Structures are given as C-alpha cells and as structure tokens.
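Coordinates in review
Given next are the chains, with one letter for each unit.
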Amino acid sequence: MTEVNSPPRLGGWTRFVTARPRLSLLVALVLTALAVVAGSGVADRLGSGGWEDPAAQSTYATKALEREFPASQPNLLLLVDSGGASVDDPAVAAEADRLTARLAGEKGVIGVGSYWRTKSPALRAKDGHEALIAAHLTGDEKATNDTLDRIAPALRGTHGPVHVKVGGIVAVRHEMQTIIKEDLARAEMIALPVTLLLLVMVFGSAIAALLPLGIGIVAILGTNAVLRGLTEFTDVSVFAMNLTTALGLGLAIDYALFIVRRFREELATGADPLTAIATTLRTAGRTVLFSALTVAVSLAAMLVFPMYFLRSFAYAGIAVVLLAAAAALILLPAALLLLGHRVNSLDLRRLFRRRRPTSAPAQTSAPASASGEGAAWARLANLVMRRAPFFALVTAAVLVLLGLPFLGVRFGTADDRQLPSGAESHVVQQHIRDGFPGNPGGGLEVLAEGRATSAQYTAYKTEIARLPEVAGVDGPVVKGDSAYFTVLPKGEAVDSGAQRLVGELRSADAPFTTKVTGTAAVLVDSKHAIGTRLPWAAALIVVVTLLLVFLLTGSVLIPIQAVLLNALSLTAMFGAVVWVFQDGHLSGLLGFTSPGSIETTLPVLMFCVAFGLSMDYGVFLLSRIKEEYDRTGDHNEAVRHGLQRTGGLITAAAVILAVVMVAIGTSRVTNTKMLGLGIALAVLMDAMIVRSLLVPAVMRLTGTATWWAPGPLRRFHERFGVSEGGENPPGGEGPQHPVTPPPSATGHDEPADENSDGSPHESGGVRAVR
C-alpha cells in the first residue's frame with residue numbers, strides 16, 4: 001500500500017492517462033458525440049435472422065428454391081377470414097381473387113398463389129371460414145421489410161366480406177425487429193435510473209455514482225457506432241443490441257466500481273490524488289484489464305460458429321468490453337484526478353443516518369474490518385473456512401441439482417412463438433397450426449438438380465414415399481433441369497422423427513443430385529454446425545482463461561479451479577432455461593408462449609456471456625486474494641481478506657448487472673426474455689453462492705498447495721506474470737513475496753484469530769468506502 005507521504009510511483013500508463021486529463025475528457029466528449037451520429041439508425045440496418053448455417057445443404061436448397069420455384073418458399077401469408085360465411089361463397093371468392101391479383105401486381109412480389117386459384121386443401125381451414133393467400137417477397141431482409149412496409153397497410157383489415165391479417169416469415173421478423181427496438185428503449189428507461197439509485201447506495205456520493213454510469217453510456221454509444229460500421233460489410237442481428245446495452249452498463253459499472261473504490265481507499269490512507277491514481281491503476285487497473293480480456297475471449301469464441309446470430313454477439317460483445325475497459329482505464333482516471341477528494345462529495349446517505357462523530361486523523365486508515373460490511377464478510381469467510389468440506393459439498397450438490405432439468409433439453413428453431421400472443425404475425429401462424437389440415441410449416445422440400453425423365457422422378461417419389469417417417473409426398477414440380485418434391489413427415493415439424501427423415505432423404509438413392517431443406521433440415525444442419533465447432537470454442541475459452549489466470553496468480557491449481565467453478569456456477573441458469581422456457585412453467589407469470597423447445601444457438605450464447613461475466617467476478621476476487629498472499633504469505637488470511645475486501649463489491653456489481661439484465665428480460669420476445677433473465681440468475685448465483693461460499697471453501701481445502709507451480713512455470717510467471725500487489729520492475733522481477741509461503745504460514749489448520757467483531761486481525765489495511 002502506498003505510504004501517505006511517499007512520492008508517486010508513476011508508470012508509463014499512469015503518466016499517459018494523467019498528463020492532460022482535461023484534454024482527455026474533451027477528446028472523449030467529441031468522440032462520443034461522433035459515435036452518436038455514426039450509430040444513429042443502426043437498429044434499422046440489423047437483421048432478425050441468422051440462425052442458419054450459410055454453408056449448410058438446407059441453406060443452399062432454400063436459396064435455389066427461392067430463385068427457381070418462389071411459390072415453394074412463400075414468406076408472406078395473408079389469412080383471409082370470411083366471418084360466418086364459407087370461403088367458397090361467391091362474394092368471398094371474388095374479393096379474395098381481387099386481393100390476390102392486387103398482391104401479384106406489387107413490385108418485389110412473386111410466386112403469388114391462393115386457395116381460390118389452386119383449390120389446395122392445405123390452404124383452407126378445416127372449419128371452412130379461413131383460407132390463405134401466399135406469396136414470396138424478393139431481396140434481402142431490408143428489401144423484404146421495405147416491401148412489407150409498403151404493401152401491408154393496404155392489405156390488412158376489412159375488405160368487403162373478408163377480414164385480412166398479415167403473417168409469414170417476413171412479417172414475423174419485421175414485427176420482431178420492431179418489438180425489440182421498443183423493448184430495448186423501455187429497458188434502458190428502467191435500467192438507468194435504478195442503476196443510478198443502486199450506485200448511490202453503494203458509494204453514498206452522488207458524484208462517485210455518476211462516474212460508472214457515464215462510462216457505461218460511453219461504451220454503449222461507441223459500440224452502436226461499431227455495429228453500424230459492421231453492417232456495411234456483414235449481417236448483424238438486432239438481438240445484439242440487447243447485449244450491447246446489458247454489457248455496456250454492466251461491465252462499465254463493474255470496472256468503474258472497482259477503480260473508484262480503490263481510488264477512494266487510497267485517498268482514505270492520506271495519499272494525494274496523483275499517488276492514489278498511480279496505485280489504483282497499478283492494482284485495480286491491472287485487474288480490470290485481465291477481467292476485460294477474459295470476458296472478451298469468452299465472447300470471441302462465438303466467432304467460431306458460422307451463424308451470424310452468434311457472430312453478431314461476438315462483434316457487439318468484444319466491442320463493448322474493450323470500450324468499457326478503455327473508458328475505465330483512460331477516461332475514469334482523468335476524471336478522478338480532476339475531482340480528487342471531491343469524488344466523495346454529495347454524500348446522499350447522510351440524510352438517512354444519524355451524524356457520526358468525526359474520526360481522528362490517525363483513525364482514517366482503520367481496517368475495513370471495522371466496518372459493518374467488512375465484519376459481516378469476514379465472519380462469513382470464517383464460517384465457510386471452518387466448515388469447508390460441508391460448504392463445498394452442499395453448494396456443489398445444490399448447483400448440480402438445479403442444473404438437472406437441462407438433461408431433458410429439446411432443441412428447436414425460432415419461430416413466431418417468440419412474439420407476444422397478440423402479435424398479428426403470431427396470431428396468423430397460430431391459426432394455421434390449430435385450424436389448417438396437415439402439418440403447416442413442417443414439410444420438407446427435396447431439391448432435385450440434373451436432367452431426369454418422368455419415369456425417374458416417379459421412381460424416386462415412390463422410393464421416398466416408402467420411408468417409415470413419411471406421411472405423404474407431393475410433386476414433382478419441374479422447371480428445366482430442376483424439380484422439387486414436398487415431403488410431409490408423420491409427426492411434428494421438428495421432432496425426432498422429422499429429423500431422422502432428413503437423414504433418410506439425404507441418403508436415399510436418386511439418379512440426380514438432391515438437397516433437402518425445411519424446418520427440420522435447418523435444425524439438423526444447425527445442430528451439426530454447432531456440435532462440430534463447440535469443442536473448438538470451448539477449448540479457446542478454457543485455454544486462454546487458464547493462461548490469463550495463471551499470469552495473474554502464478555498458480556497451476558487456481559486457473560483449473562476457476563474454470564471448473566465458473567462452469568458449475570452456470571448450472572442453475574441452464575436448468576431454469578429448460579424448466580421455465582421449454583417446459584412452460586411460469587409462462588403465464590412471465591408472459592410468453594413456450595414452443596416446447598430451446599432455440600439451438602441460445603445455450604451457446606448464454607454460456608459464452610455468463611462464463612465471461614463469472615470470470616469477471618472471479619478475477620476481482622482472486623486478484624485481491626493474491627495481493628494479500630504476496631504481502632503476508634498466509635493462505636487462510638489471504639482468502640479471508642479477499643472475500644472481506646471484495647464480497648460487498650462483487651455482490652453490489654452483480655445486483656446492478658442483474659437489474660440491467662432483468663430490464664432486458666422484460667422484453668416481449670421470448671429469446672430476449674430468456675437471455676436477460678437467464679444471465680441475471682447466473683450472475684446472482686455466481687456472486688452470492690459460488691464466490692461467497694464455494695470458492696473460499698475449495699481454497700481452504702486445497703490449502704497452500706493452491707499456490708504451487710513447477711519451477712519452469714514459476715520462473716515464467718516471475719518474468720511475465722503480473723500481480724495486483726505491486727508493479728513489476730523492467731527487469732521482470734516477480735512479487736515481493738515468494739509463491740511458496742513461509743513455514744509459519746503453512747501450519748494454519750484453522751483460520752487466524754479474530755477481532756471482537758468477528759473480523760480477522762489485519763495490519764496496514766484501509767478504511768472501507770462508505
């Protein structure tokens with residue numbers, strides 16, 4: 001800890017960020033204003049798809065059918081309700097024909113068909129009061145959205161004897177984009193004031209509370225500009241904006257909390273602002289840097305997957321993490337240097353507590369354990385460490401139990417049931433599911449390419465009709481050297497039978513080239529793409545996390561513990577996702593329609609995000625434990641000190657991030673709701689259960705062996721590793737204390753003696769931030 005009257009130890013980074021603090025803040029203000037301009041309108045350029053593998057067989061077949069047989073791939077449906085009359089009534093038929101002709105004459109619309117023209121039973125409801133007009137809108141997502149915006153107002157509503165509702169894939173995606181933008185604006189309106197209130201409660205000072213919020217806003221606006229730029233080169237999902245808001249606020253607040261608190265602790269020892277900034281960047285600043293790297297790596301793992309839905313979250317996540325860390329390590333120190341002791345101004349909590357007697361100067365450096373918060377965390381650490389086997393086994397067992405529902409997970413594809421039950425496109429699709437014959441949306445299309453005779457087509461149709469999962473085969477529809485067949489499975493659109501049928505169709509002999517698409521085929525290809533790349537993504541996360549935590553701690557065991565305990569902390573999230581969103585428990589309370597499955601990419605996304613956030617808190621705790629261990633060489637004291645110093649901070653950060661995620665979870669789109677509420681649960685479980693109970697219990701059980709490393713790795717860490725405890729000199733010397741503890745520290749079988757309030761004895765501590 002920096003002595004009161006010692007000269008500032010200014011490293012190169014400290015000199016850089018404190019040389020021109022006013023200029024730094026002015027440049028940041030200008031760049032933020034430019035980011036607002038650059039990022040404006042980004043939501044309108046984002047897509048709402050991206051769940052398919054672009055290199056998959058089903059994707060190729062879908063595009064080929066859209067190009068050659070647009071009527072086979074309708075993405076716009078008009079549900080025509082004739083009221084009490086039959087859809088075959090002459091007046092109804094005449095009006096429906098007029099609507100069909102009008103739709104066929106619109107620019108950007110091809111492949112128009114209807115029940116009244118084809119008399120297909122699949123386009124007529126079983127009760128005879130509803131029928132469908134189908135069409136295909138051409139172009140990419142933006143083009144189809146523009147076409148829909150232009151034609152839908154004139155089509156929907158009452159037309160003589162019929163009433164029309166607009167549905168289909170294009171309408172579902174368009175409505176999803178609109179709802180997400182509205183929900184995100186509402187979430188920000190909820191999260192920002194609640195977050196500010198919580199920060200005031202944590203810091204007391206309104207000035208200190210505004211700093212993390214400002215860092216978060218800078219990160220969010222900057223990421224929006226980055227996403228806007230990326231849309232010029234690649235597809236980006238609209239769902240990524242939710243992650244931008246959540247991580248922008250959450251991580252910026254985490255990093256700013258850590259830095260501001262350490263700065264205030266240094267001021268409390270009597271250090272001048274410049275010295276306090278130098279110590280803060282040398283300690284908490286390094287922790288923030290390592291934390292940002294671990295989170296960025298977890299999110300970067302999604303770049304391994306080909307679906308742009310997942311890749312979009314990597315783009316947004318990496319950008320917002322790096323911007324949040326940069327703002328916390330550049331702008332925040334400049335602001336703190338200018339504020340100095342004024343960072344403690346406007347202590348609003350004094351309005352709600354009795355005035356305390358002013359402490360004497362000699363008491364300003366009293367240990368944090370003297371505070372109520374420090375004493376509570378110290379007592380918890382003592383309790384956990386005294387009963388370490390009990391807490392380790394019980395906590396691990398509870399987490400595993402909470403994750404058991406995930407063993408029954410069923411994967412599916414995203415559809416209209418992501419939308420609220422009252423959304424027009426959802427209503428249309430639900431009417432089709434409930435009221436129309438056959439298995440709407442569940443058919444498989446087999447694209448046949450290559451010259452063939454009628455006899456060959458007939459023989460192939462006969463062969464696939466004999467497959468055990470086939471309910472019927474229509475076609476072929478022939479155009480030049482291409483044709484397609486429509487195959488109806490016996491069961492549900494994406495059940496195990498339909499997925500087996502995809503494989504059977506792909507392996508069936510044919511005198512021409514065949515490719516299979518349809519809902520079940522897209523699911524099969526998506527599962528294959530994720531399954532083949534998941535080991536590589538997991539390996540990337542694990543290997544880089546092990547390396548970063550080793551560089552931080554110099555231990556072989558701690559990185560392994562960190563990975564395993566982080567993964568264990570996510571079990572409750574995955575169990576809750578299946579129990580709630582797949583099985584439908586609490587669906588009425590939370591206001592969503594359960595499709596009976598989980599979209600294939602969601603668990604991957606939630607794992608990467610939640611694992612990164614868990615490592616964020618893990619790095620905060622481990623860095624403080626390592627700092628104390630380097631100072632004293634006492635393992636038990638270091639664990640207790642780390643929990644005492646960071647327990648309240650991590651819990652506050654987790655609660656604030658959970659508030660942001662819950663605000664995101666108020667979305668009316670089920671995937672967004674699942675993402676927000678699931679990660680909020682994971683964050684709270686990690687901070688309140690894993691960091692508070694499981695980590696100290698496991699570290700108490702592993703004892704001083706926790707810090708062991710073989711000679712070559714120990715020398716590697718001494719040369720290249722870092723520690724929050726001090727600044728390594730250019731010569732590469734390691735921490736001031738050896739990794740192996742002195743003999744006096746290795747003999748602690750029980751926690752060290754406590755003060756009367758239950759907190760440990762401690763020397764050289766600092767007063768906790770109030």
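The following paragraphs examine the structure supplied in this document. (Residues numbered from 1 in each chain as written. Predicted model: local features only at pLDDT ≥ 70, side-chain atom pairs only at ≥ 80, totals over all residues. Heavy atoms only, no water.)

Comments concerning the overall build of the protein
The condition is simple: Helix and strand labels come from DSSP, where a helix needs a run of H or I of at least four residues and a strand needs a run of E of at least two; each type is numbered from the N terminus. For every residue, the accessible area (1.4 Å probe, protein chains only) is compared with the maximum for its type, and the residue is labelled buried under 20%, exposed over 50%, or partly exposed between those bounds. Residue contacts follow a heavy-atom distance rule, with two residues in contact if any of their heavy atoms lie within 4.5 Å.
In terms of regular secondary structure, the protein is built from 25 helices and 11 strands. In the protein, which comprises 770 residues, the share counted as buried stands at 55%. In the protein, 81% of the contacts between residues at least 6 apart in sequence involve partners at least 24 apart.

Some points on the packing of aromatic side chains
The condition is simple: Two rings belonging to Phe, Tyr or Trp (six-membered ring only in the last case) form a pair when the distance between their centres is within 6.5 Å. Interplanar angles under 30 degrees mark stacking, angles over 60 mark edge-to-face geometry, and anything in between is tilted.
Summed over all chains, the structure comprises 17 aromatic pairs. Ring geometry for phenylalanine 390 against phenylalanine 391: centres 5.5 Å apart, planes inclined by 80°, an arrangement best described as edge-to-face. Taking the relative accessible area as the measure of exposure, phenylalanine 391 reaches 14% and is therefore buried. Through a chain of ring-to-ring contacts, the aromatic side chains of Trp51, Phe239, Phe309 and Phe313 assemble into a single cluster.

Comments concerning the nonpolar core
The condition is simple: What makes a nonpolar core is a set of buried Ala, Val, Leu, Ile, Met, Phe, Trp, Tyr and Cys residues whose side-chain atoms join them at distances within 4.5 Å.
Counting 156 residues, the largest nonpolar core has Phe239, Tyr255, Val321, Leu336 and Leu605 as its most contacted members. Broken down by element, the residue count for this core peaks at 18 residues, all from helix H11 (residues 308-339). Setting aside its immediate chain neighbours within four residues, valine 321 contacts Leu251, Tyr255, Ala292, Val295, Ala296 and Leu299. Counting 34 residues, the second largest nonpolar core, distinct from the first, contains Ala152, Leu155, Val428 and Phe436.

A short note on the packing of helix H9 (residues 240-268) against helix H21 (residues 602-632)
Going by this rule: Axis lines are fitted through C-alpha atoms, for helices just across the contact stretch, and the angle between N-to-C directions can take any value from 0 to 180 degrees. Angle categories are assigned with fixed cut-offs, so that under 35 degrees is roughly parallel, over 145 is roughly antiparallel, 65 to 115 is roughly perpendicular, and the rest are oblique. Residue polarity is assigned by list, with Asp, Glu, Lys and Arg as charged and Ala, Val, Leu, Ile, Met, Phe, Trp, Tyr, Cys and Pro as nonpolar; anything else, Gly included, falls into the polar class.
Following both chains from N to C, one finds H9 and H21 inclined at 10°, their axes separated by 11 Å at the closest point. The angle between H9 and H21 falls in the class roughly parallel. Along the contact surface, H9 presents Leu243, Leu247, Leu251, Asp254, Tyr255, Phe258, Arg262 and Glu265, while H21 presents Val609, Leu613, Asp616, Tyr617, Phe620, Ser623, Arg624 and Glu627. Residues belonging to the contact of H9 with H21 are distributed by class as follows: nine nonpolar, one polar and six charged.

Structural notes on the pairing of strand E1 (residues 76-81)
Our working definition: At least two DSSP bridges between two strands are needed for those strands to be called paired.
Most of E1 sits inside the fold, with five of its six residues counted as buried. The sheet contact formed by E1 and strand E3 (residues 130-137) spans six bridges and is antiparallel. Bridging across to E3, valine 80 finds its partner in alanine 131. With five bridges connecting them, E1 and strand E5 (residues 162-167) associate as antiparallel partners. The partner of aspartate 81 across the bridge, within E5, is histidine 163.

Some words on the side chain of threonine 195
Mapped onto the elements, threonine 195 comes out in helix H7 (residues 169-203). Note on threonine 195: relative accessible area 0%, which makes it buried.

The values reported here are purely geometric and, on their own, carry no functional implication.
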